[in-house]
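# Chain and residue survey
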2 protein chains.
Amino acid sequence: MSTPSPFLYSILILIVSFLCQASAIQLNGARYLGNFWSLSTTLSLRAPKYQYETKYFQQKLDHFSFADLPSFSQRYLINTQHWEGPSHSAPIFLYCGNEGDIEWFAANTGFVWEIAPRFGAMVIFPEHRYYGESMPYGSKEEAYKNATTLSYLTAEQALADYAVLITEIKRNLSAQACPVVLFGGSYGGMLAAWMRLKYPHISIGALASSAPVLQFEDLVPPETFYSIVSDGFRRESMSCFNTIKESWDVINKVGQINGGLAQLTKTFHICRELESVESLSNWLESAYSYLAMVNYPYSTDFLMPLPGSPIKEVCRKIDSLPDGASVLQRIFEGISIYYNYTGKVDCFDLNDDPHGMSGWDWQACTEMIMPMASNRTTSMFPEFYYDPKSNEEQCLKDFHVKPRPTWITTEFGGHAFKSALKAFGSNIIFSNGLLDPWSGGSVLEDVSETIVALTTKKGAHHLDLRAATAEDPDWLLDQRSSEIKLIRGWLDEHYDKKKAISAYR
Amino acid sequence: MSTPSPFLYSILILIVSFLCQASAIQLNGARYLGNFWSLSTTLSLRAPKYQYETKYFQQKLDHFSFADLPSFSQRYLINTQHWEGPSHSAPIFLYCGNEGDIEWFAANTGFVWEIAPRFGAMVIFPEHRYYGESMPYGSKEEAYKNATTLSYLTAEQALADYAVLITEIKRNLSAQACPVVLFGGSYGGMLAAWMRLKYPHISIGALASSAPVLQFEDLVPPETFYSIVSDGFRRESMSCFNTIKESWDVINKVGQINGGLAQLTKTFHICRELESVESLSNWLESAYSYLAMVNYPYSTDFLMPLPGSPIKEVCRKIDSLPDGASVLQRIFEGISIYYNYTGKVDCFDLNDDPHGMSGWDWQACTEMIMPMASNRTTSMFPEFYYDPKSNEEQCLKDFHVKPRPTWITTEFGGHAFKSALKAFGSNIIFSNGLLDPWSGGSVLEDVSETIVALTTKKGAHHLDLRAATAEDPDWLLDQRSSEIKLIRGWLDEHYDKKKAISAYR
């Protein structure tokens with residue numbers, strides 16, 4: 001395993017309307033947010049800037065039973081170009097792949113690639129099972145066929161995949177003594193933090209960016225997510241907030257009149273005529289939520305091509321229409337900032353696999369039960385409560401599977417998560433941008449001397465993991481600089497301990 | 001859940017020759033020790049001295065997948081008689097059931113029952129899946145039918161069972177704030193230590209007695225176990241050691257002559273004529289190993305009715321025969337101390353399910369791959385090497401399953417187990433008696449201030465967990481006293497922290 005092959009990437013995959021998948025599913029008054037990104041099938045793969053080899057590793061489908069199941073091929077990306085090797089016990093940076101194509105995460109996690117050389121570190125991006133090319137049963141079609149084939153799509157299995165993979169890679173490279181540092185964003189950040197908790201022997205520390213590890217059961221109020229989304233709009237403009245808040249009733253009213261759905265279809269430039277008001281509402285809700293997540297200070301096209309501070313732009317649009325403009329016109333113009341910033345989309349396709357068997361939808365119906373609600377006082381969204389029963393009914397209907405709402409807290413710690421981490425853990429950074437609606441379910445205060453929270457007021461969803469740009473504000477540079485210092489500290493401590501041990505011997 | 005019903009136990013199950021199951025299986029020159037006890041089917045249940053309610057809890061068969069599998073009923077024993085309840089945040093003592101009927105472990109773990117009242121503690125003994133009454137698929141016959149039905153018999157599933165059970169019991173009793181202390185002996189001790197590592201939020205500490213957590217891969221030399229067994233005999237008498245060492249060749253020579261097997265059958269009072277020399281050798285080897293494990297200072301009948309310091313008695317017998325006595329006569333007389341101390345057995349049945357699908361045999365062929373070997377210099381046993389290939393072949397033949405020899409070290413930590421514990425763990429007692437051959441695979445030195453080793457020179461296999469007796473030597477009283485102090489310390493620290501938190505609030 002020498003330097004990576006100089007494989008040149010020149011493919012530019014253009015994406016249109018990939019976010020039209022229904023990601024927030026209305027469930028008779030209760031909803032669950034279906035996905036962090038809803039990006040499992042269609043990915044914004046820009047020309048990758050980073051060099052790596054693509055390799056494959058045979059994994060057990062069920063690490064925790066001996067059922068006679070077919071193994072599957074897990075893809076991972078690896079770069080050893082800057083690695084200083086086993087003789088220096090040089091570090092290994094492992095990104096815990098989350099719910100999507102690993103090349104897309106690799107392309108959007110510049111921080112890891114950029115800091116690796118200064119640490120002399122190897123970089124590995126393993127793909128999460130059931131995403132990208134890492135499909136059990138040979139193909140996505142087979143893997144997603146039914147609840148039986150999907151049943152091994154769980155976080156614990158993914159963690160075991162990473163543990164087995166890194167152990168085997170280290171063995172093959174005689175790199176057993178090389179310390180592993182974990183990275184992850186969003187669900188990947190949860191995996192990184194959980195891996196530190198569950199496999200302390202595998203890594204020496206984890207940077208868990210925007211990881212809502214507390215977004216389960218009653219650990220945080222279920223209104224948290226939508227309240228933070230709403231705050232993002234309220235902060236920009238009260239009238240913008242009010243227009244959005246008002247819009248749901250308007251949409252409902254129009255939807256109920258004769259020809260109302262046709263009218264909404266036309267107003268919002270939907271390709272195929274709306275079958276329900278809910279599909280439109282969900283489409284709008286998703287956009288607001290994603291806007292809050294990617295409310296980055298400069299223009300990006302992680303999810304969509306967007307201007308910097310996109311909520312500000314949306315609200316500017318909503319507010320700037322002349323006095324006579326209707327609520328719906330304002331909403332359409334605003335939302336177009338998100339769905340059509342390039343101006344190239346003629347009409348929007350809402351029915352792109354709305355209840356499709358996309359991986360996160362399965363995970364959200366099994367383990368990842370994150371209660372969501374919206375209350376009248378803090379939210380600009382329609383009021384709704386979290387209803388476990390209707391959630392269960394919907395999951396039984398969609399996937400023939402019964403959710404286990406208390407499993408994640410049992411497996412990884414619920415109310416005792418932080419105290420267990422404090423007593424038992426070390427070397428985790430929980431980084432969050434407070435604009436990010438997922439930050440409300442993460443760890444925002446230091447848990448101990450070595451389990452620290454790095455928050456930025458103006459940051460959004462794992463902004464710190466993105467590549468450096470010329471527009472990076474000072475507070476982002478500071479955050480990344482703190483992260484580098486902390487990681488350096490973990491490594492120094494690790495090497496000091498090893499020296500002490502070998503001196504003792 | 002009030003005080004336990006005054007269910008009176010008066011059944012005395014008499015056991016004869018239950019240890020004749022082949023537990024050390026010869027594998028073309030390599031062997032693995034099949035079981036800690038080989039007691040999964042036939043148990044020495046004395047009249048239980050302890051009161052408890054017997055309850056059942058529905059468990060998922062696979063916690064880590066969503067495969068549509070039948071749930072099963074896990075048995076657990078519970079006593080709340082001395083529990084001071086949620087209002088006092090009174091502790092819960094949880095024994096991690098191991099590979100056998102839980103009533104048998106409850107009857108032989110007097111320490112937990114005896115100290116519970118002084119802590120105002122609840123006592124729970126959950127049964128390990130696939131043992132006793134806790135059978136998936138409705139019956140032992142169905143559960144042990146084949147590799148598919150057995151496939152969920154793993155340590156990780158058992159740990160998840162305990163985590164789910166205790167979380168649910170605490171919820172039902174509004175006892176979420178009550179700290180849990182784990183106990184376990186032998187494989188149960190491994191489970192207790194691993195549970196502390198993997199589920200730090202579930203318990204505040206663990207007493208892991210005689211837990212060979214390092215008996216995997218190359219963490220300790222494979223000769224360790226049989227060397228310690230041999231030391232036990234050498235220590236008593238060099239001539240006894242030499243007679244046993246000499247005996248294997250004698251047995252082989254006699255076995256090879258015409259009518260030799262019949263002669264051996266007669267000499268050793270075997271009920272049915274021997275089919276091979278190996279079956280006799282295995283039977284003898286098992287006895288020596290078990291003698292080392294239960295080399296307790298006073299008479300017990302945990303495994304068999306035995307005198308105190310039984311190895312001393314065996315060697316006395318072997319050495320005391322008149323000068324003309326043959327090696328085989330000496331061995332027979334010696335071994336009879338173990339297999340027939342009461343003198344009531346007329347003949348021995350070696351073929352009692354020699355390759356039966358007993359639970360531990362499955363575990364030893366899947367995850368619990370503990371390499372064993374015997375070398376000429378330190379061992380009184382025939383020389384043999386650990387051969388992973390022949391082990392794998394045998395497991396494929398016996399169970400149609402392929403062992404995963406590197407899985408336990410990947411899942412729970414291999415060479416990094418102790419350093420991970422040191423950095424990440426707290427509050428574990430590894431107690432060991434150095435006469436116990438399993439002690440060589442356990443933790444015999446303090447790992448940190450709170451992860452401590454308590455060893456006794458003259459102790460055997462989890463002697464500390466047994467009920468107090470009038471004959472307990474001082475060093476045993478000291479060991480138990482240290483354990484009580486340490487547990488008290490964990491609880492005090494836990495309550496102090498809680499007080500500090502509530503004062504802060």
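None of the values given here were measured: they were computed from a predicted structure.

### Some details on the packing of aromatic side chains
- The full count for this structure, using the stated rule, is 57 aromatic pairs over all chains.
- An aromatic cluster of at least three residues, connected via ring pairs, comprises Phe225, Tyr226, Phe233, Trp248, Tyr288, Phe381, Phe384 and Trp438 of chain A.

### Details of the side chain of Glu156 of chain A
- Residue placement: Glu156 of chain A occurs in helix H5 (residues 155-172).
- Of the side chains with opposite charge, Arg404 of chain A lies nearest to the buried Glu156 of chain A, which makes no salt bridge, at 6.6 Å.

### What to know about the relation of the copies chain B and chain A
- Laying chain B over chain A is done by rotating through 180° and shifting 0.0 Å along the axis; what remains is an RMSD of 0.0 Å. Classification of the inter-copy transformation places it as that of a two-fold axis.

### Things to note about the environment of Lys317 of chain B
Residues and elements named next belong to chain B.
- Structurally, Lys317 can be placed in helix H11 (residues 310-320).
- On the basis of relative accessibility, which here comes to 33%, the residue Lys317 falls in the partly exposed class.
- Put simply, Lys317 and Ser336 are 19 residues apart on the chain and 9.3 Å apart in space, counted from C-alpha to C-alpha.
- In this structure Lys317 touches Glu333, Gly334 and Ile337, once residues within four positions along its chain are discounted.

### What to know about the sheet that holds strand E5 (residues 92-95) of chain A
Residue and element names in this part refer to chain A.
- Here eight strands make up an open sheet; going across it, the order is E3-E4-E6-E5-E7-E8-E9-E10 and the pairing mixed. A strand with exactly one partner marks an edge of an open sheet, and here the two such strands are strand E3 (53-59) and strand E10 (451-456). Sheet twist, expressed as the average angle between the axes of neighbouring strands with direction ignored, equals 20°.
- When strand E7 (residues 180-185) meets strand E8 (residues 205-209), the two strands line up parallel, connected through five bridges. Residue pairing for E8: Gly185 is matched across the bridge by Ser209.

### Side note on the pairing of strand E4 (residues 72-79) of chain B
All names here are of chain B.
- Across the eight residues of E4, seven count as buried, placing the element largely inside the fold.
- Here strand E3 (residues 53-59) runs beside E4; their pairing, made up of seven bridges, is antiparallel. Along E4, the bridge assignment pairs Lys55 with Tyr76.
- Pairing between E4 and strand E6 (residues 122-126): four bridges, direction antiparallel.

### Thoughts on the nonpolar core
- Ranked by internal contacts, the top residues of the largest apolar core, which has 320 residues, are Trp194, Phe233 and Tyr288 of chain A together with Trp194, Phe233 and Tyr288 of chain B.
- Every residue in contact with Trp194 of chain A, bar those within four places of it in the chain, is listed here: Ala155, Leu159, Tyr199, Val213, Phe216, Met368, Ile408, Phe412 and Phe417 of chain A.

### Examining the domain arrangement of chain A
All names here are of chain A.
- In terms of domain boundaries, chain A breaks down into domain 1 (53-217 + 408-504) and domain 2 (220-404).
- Summarising the inter-unit geometry, the C-alpha centres of domain 1 and domain 2 are found 30 Å apart.
- With 45 residues of domain 1 in contact, the opposing surface of domain 2 contributes 31 residues.
- Buried surface at the junction of domain 1 and domain 2, summed over both partners, amounts to about 3,200 Å²; 66% is from carbon and sulfur atoms.
- It is Gln215, Leu435 and Pro437 in domain 1 that bury the most area against domain 2; as a group they hold 20% of the surface buried on that side.

### Structural notes on the interface of chain B and chain A
- On the chain A side, the residues contacting the 45 residues of chain B number 45 residues.
- Carbon and sulfur atoms make up 63% of the area that chain B and chain A hide from each other, which totals about 3,800 Å².
- It is Phe66, Arg404 and Phe424 of chain B in chain B that bury the most area against chain A; as a group they hold 26% of the surface buried on that side.
- Across the contact surface, chain B and chain A share two salt bridges.
- Here Glu217 of chain B and Arg171 of chain A are joined by a salt bridge, their closest N and O atoms 3.6 Å apart.
- Seen at the junction of chain B and chain A, the total is 17 residue pairs in polar contact (both at pLDDT 80 or more).

### Side note on the packing of H5 of chain A against helix H6 (residues 187-198) of chain A
Residues and elements named next belong to chain A.
- Interaxial distance between H5 and H6 falls to 10 Å at its minimum, and their mutual angle equals 65°. What the angle tells us is that H5 and H6 run roughly perpendicular. Taken as a pair, H5 and H6 cross one another with a handedness that is right-handed. Packed against H5, whose contacting residues are Ala155, Leu159, Tyr162 and Ala163, the element H6 presents Tyr187, Leu191, Trp194 and Met195 at the interface.
- Its residues assigned to classes, the contact of H5 with H6 comprises eight nonpolar, no polar and no charged.

### Some thoughts on the state of the cysteines
Residues and elements named next belong to chain A.
- All chains considered together, the criterion is met by six disulfides over all chains.
- Residue Cys240 pairs covalently with Cys315 via a disulfide, S to S 2.1 Å. On the sign convention where negative means left-handed, the S-S torsion of about -65° between Cys240 and Cys315 marks this disulfide as left-handed. Remark: Cys315 occurs in helix H11 (residues 310-320) and Cys240 occurs in helix H8 (residues 238-256); sequence separation between them is 75 residues.
- Under the relative-accessibility criterion, Cys240 is labelled buried at 0%.
- Here Cys271 engages in a disulfide with Cys347; their sulfurs sit 2.0 Å apart. Between Cys271 and Cys347 the sulfur-sulfur dihedral comes to about 100°; the bridge is accordingly right-handed. With a gap of 76 residues between them, Cys271 in the loop between helix H9 (260-267) and helix H10 (277-293) and Cys347 in the loop between helix H12 (327-339) and helix H13 (359-364) connect regions that are remote in the sequence.
- Overall, Cys271 belongs to the partly exposed group, its relative accessible area being 36%.
- The exposure class of Cys347 is partly exposed, given its relative accessible area of 33%.
- What links to what in chain A: the bonded cysteines, counted in sequence order, pair as 1-3, 2-4, 5-6.
- Looking at the unpaired Cys96, the closest cysteine sulfur is the one in Cys178, lying at 18 Å.

Cut-offs used in this document
- Residues numbered from 1 in each chain as written.
- Chains lettered and ligands numbered in written order.
- Predicted model: local features only at pLDDT ≥ 70, side-chain atom pairs only at ≥ 80, totals over all residues.
- Heavy atoms only, no water.
- Phe/Tyr/Trp six-rings, centres within 6.5 Å; stacked < 30°, edge-to-face > 60°.
- Helix = DSSP H or I, 4+ residues; strand = E, 2+ residues; numbered from the N terminus.
- Buried < 20%, exposed > 50% of the residue type's maximum accessible area, 1.4 Å probe, protein only.
- Lys, Arg positive; Asp, Glu negative; His and termini not counted.
- Salt bridge = Lys/Arg side-chain N within 4 Å of Asp/Glu carboxyl O.
- Least-squares fit on C-alpha atoms with pLDDT ≥ 70 in both.
- Contact = heavy atoms within 4.5 Å.
- Pairing = 2+ DSSP bridges.
- Axes fitted to C-alpha atoms, helices over the stretch in contact; angles between N-to-C directions.
- Core = buried A, V, L, I, M, F, W, Y, C linked by side-chain atoms within 4.5 Å.
- Domains from an automatic or database assignment.
- Buried area = accessible area lost by both parts, 1.4 Å probe.
- Polar contact = N/O pair within 3.5 Å; in protein donor to acceptor, adjacent residues only side chain to side chain.
- Parallel < 35°, antiparallel > 145°, perpendicular 65-115°, else oblique.
- Left-handed = near helix turned anticlockwise from the far one by under 90°.
- Nonpolar A, V, L, I, M, F, W, Y, C, P; charged D, E, K, R; others polar.
- Disulfide = S-S within 2.5 Å.

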